[in-house]
Amino acid sequence: MSPVEVSLLLSSVVKRWNPDARILDFCALTPDASLRRYYRLLLDGPGPHTAVAMVFDSVKCPEYDVGLAVPSDESYVELSSFLFARGVRVPELYFDAREDAVLIIEDVGSRHLIDVFSERDSGERPEQSVEALYRQAIEQIALIQRIVDDGSFFAFKRAFWEKP
């Protein structure tokens, strides 16, 4: 998809999500081996001033639920909603435009833990201590581990291969 096509797609989706908002600028976030591409949106208007657009390159993914392929976009939304409802700190889903293979989600920033260490080493005072960040991460892991598998949720049956 060309930059112009991406711009038109994202502008269209943002208008449906928030008719009074417009994209001032957007940039592609670091690519990875995912079936998704991410764009940080700088927004003007009411609501959040930044968001992330998740664009699915392909919603067909080798994820299986009792032998049936589950589209990647569907599994992302289901897992995100499931965890969010149980108090796990995951990016909030602002707008579901799966018909366009796009989700608009909360921008949680791009600060890496290694940067916290670097700031500490350089004498700068980070807004949160390394210890506090580790404590928060451990609390989230513990919260996830306490979720009970009642047999009804797709993620507990998730695999990246077809089960025999």
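In what follows, the accompanying structure is described. (Residues numbered from 1 in each chain as written. Predicted model: local features only at pLDDT ≥ 70, side-chain atom pairs only at ≥ 80, totals over all residues. Heavy atoms only, no water.)

### Some remarks on helix α1 (residues 3-17)
- Over its 15 residues, α1 extends 21 Å from the first C-alpha to the last, a length consistent with the 21 Å expected when each residue adds 1.5 Å.
- Every buried residue belonging to α1 is among V6, L9, L10, V13, V14 and W17, and all of these are buried. Seen along its axis, α1 keeps its buried residues to an arc of 130°; they face one direction. With respect to the buried face of α1, the exposed residues turned more than 90 degrees away are V4 and L8. (Helix = DSSP H or I, 4+ residues; strand = E, 2+ residues; numbered from the N terminus. Expected span 1.5 Å × (residues − 1). Buried < 20%, exposed > 50% of the residue type's maximum accessible area, 1.4 Å probe, protein only. Arc of directions from axis to C-beta.)

### With respect to the nonpolar core
- Grouped together as the largest cluster of nonpolar side chains are 18 residues, with contacts concentrated most on L10, V14, L41, V102 and I104.
- For this core, the secondary structure elements donating two or more residues are α1, β2 (36-44), β3 (50-56), β6 (93-97) and β7 (102-105).
- With 6 residues, the single largest contributor to this core is α1.
- Residue contacts for I104: discarding those within four places in its chain leaves V13, V14, W17, L41, A51, V52, A53, E92, L93, Y94 and F95.
- Within the second largest apolar cluster, 8 residues are counted, among which are V52, M54, F56 and V77. (Core = buried A, V, L, I, M, F, W, Y, C linked by side-chain atoms within 4.5 Å. Contact = heavy atoms within 4.5 Å.)

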